[in-house]
Amino acid sequence: MALNILSPAEIKAISFLDSTKSNRLPKLQGGLSLKRKDCGGRRIQCSVQNQNQNQPPPAWPGRACPEAGRKTWDGPKPISIVGSTGSIGTQTLDIVAENPDKFKVVALAAGSNVTLLADQVRTFKPQLIAVRNESLVDELKEALADVEEKPEIIPGEQGVVEVARHPDAVSVVTGIVGCAGLKVKSQF
């Protein structure tokens, strides 16, 4: 009999018919073991247990290892948000606001809502911002007139791409859909 189990969270219980009448259960890799429970007759129910009780098994075994040469950071994780004034962007910024010790916004991109983008700049103080609608750059600059540390502003589609490619960003949240999002996503 062969069992292919990545973690105990993957299953609730295993049931099989025991035709061998043996108390020996299959061995599993990764410090996992089966606990046998007789359910009467030839039926046996098993549950998977982690023998290493100090640490739970990884959610994605073998994938939690950092890549060699991968950029690391100290302190809050730096992120860029493309589509910061939309639903996904504002919800992401709500999470950032609730967890300032875990996340830091380094770049924001918006479509045309310069008023909300200006408020986001005041709150999160990114280094770079972009507004997709190039005709709104002057309005955005005016809205940011009272901001002490003004971010760099790159207008148009190129600005949105630069927000996604910001060199300090470890992760990028893309909240724009359709064809507008394809070019951004292909850049990283």
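For clarity, every value in this text was computed on a predicted model and none was experimentally measured.

What counts, and at which threshold
Residues numbered from 1 in each chain as written. Predicted model: local features only at pLDDT ≥ 70, side-chain atom pairs only at ≥ 80, totals over all residues. Heavy atoms only, no water. Helix = DSSP H or I, 4+ residues; strand = E, 2+ residues; numbered from the N terminus. Buried < 20%, exposed > 50% of the residue type's maximum accessible area, 1.4 Å probe, protein only. Contact = heavy atoms within 4.5 Å. Areas by Shrake-Rupley, 256 points an atom, 1.4 Å probe, with all protein chains shown as cover. Core = buried A, V, L, I, M, F, W, Y, C linked by side-chain atoms within 4.5 Å. Pairing = 2+ DSSP bridges. Axes fitted to C-alpha atoms, helices over the stretch in contact; angles between N-to-C directions. Parallel < 35°, antiparallel > 145°, perpendicular 65-115°, else oblique. Left-handed = near helix turned anticlockwise from the far one by under 90°. Nonpolar A, V, L, I, M, F, W, Y, C, P; charged D, E, K, R; others polar. Salt bridge = Lys/Arg side-chain N within 4 Å of Asp/Glu carboxyl O.

Would you mind going over the overall build of the protein with me for this structure?
Counting its secondary structure elements, the protein contains five helices and eight strands. Taken across its 188 residues, the protein has 33% of its residues classed as buried. Expressed as a percentage of contacts within the protein between residues at least 6 apart in sequence, the contacts between residues at least 24 apart total 55%. Carbon and sulfur atoms make up 49% of the accessible area of the protein, which amounts to about 12300 Å² in all.

I would appreciate a short explanation of the nonpolar core in the present structure.
Across soluble globular proteins, you tend to see nonpolar side chains buried next to one another. Core analysis: the biggest nonpolar cluster contains 19 residues, and Val-105, Leu-108, Leu-140 and Leu-144 have the highest contact counts within it. Contributions of two or more residues to this core are made by strand S4 (77-82), helix H1 (87-98), strand S5 (103-110), helix H2 (114-124), strand S6 (128-131) and helix H3 (137-143). The element best represented in this core is H2, accounting for five residues. Sequence-distant contacts of Leu-144, that is, excluding residues within four places in its chain, are made with Ala-118, Val-121, Ile-129, Lys-150 and Ile-153.

Just to check I follow, could you spell out the sheet that holds S6 for this structure?
Sheet strands line up and pair through hydrogen bonds in the backbone, either parallel or antiparallel. Spatial ordering of the open sheet is given by S7-S6-S5-S4-S8, a layout of five strands whose pairing is parallel. Every other strand in the sheet has two partners, leaving strand S7 (152-155) and strand S8 (171-174) as the edge strands with one partner each. Recorded for the sheet is a direction-independent mean angle of 25° between the axes of neighbouring strands. In this structure, S6 lies alongside S7, joined through four bridges in parallel fashion. Bridged to Ala-130 within S7 is Ile-154. The sheet strands contacting helix H4 (residues 156-164) are S4, S5, S6, S7 and S8, and the helix crosses S7 at an angle near 130°.

Sorry, what's going on with the packing of H1 against H2 here?
To describe two helices that pack against each other, one gives the angle between their axes and the distance between the axes. Interhelical geometry of H1 versus H2 gives an angle of 20° and a closest axis separation of 12 Å. Judged on the interaxial angle alone, H2 and H1 are roughly parallel. Regarding H1 and H2, the two cross each other, and that crossing is left-handed. Residue-level inspection shows Thr-90, Leu-93, Val-96 and Ala-97 of H1 in contact with H2, the latter providing Leu-116, Gln-120 and Phe-124. Among the residues making up the contact of H1 with H2, the classes are represented as five nonpolar, two polar and no charged.

Looking at this structure, how should I read the side chain of Thr-92?
Inspection of the secondary structure assignment puts Thr-92 in helix H1. In this structure Thr-92 touches Ile-79, Ile-81 and Val-173, once residues within four positions along its chain are discounted.

How do you make sense of the pattern of salt bridges when you look at a structure like this?
Where charged atoms from two side chains of opposite charge approach closely, those side chains can pair. Tallied over the full model, the rule gives three salt bridges. Linking Asp-119 and Arg-122 is a salt bridge whose minimum nitrogen-to-oxygen distance equals 3.2 Å. In this pair, Asp-119 and Arg-122 are both assigned in helix H2, three residues apart and thus about one turn of the helix distant. Relative accessible area serves as the criterion here: at 31%, Arg-122 is assigned to the partly exposed category. Close ionic contact of Arg-122 with Asp-146 constitutes a salt bridge, the shortest N to O distance being 3.1 Å.

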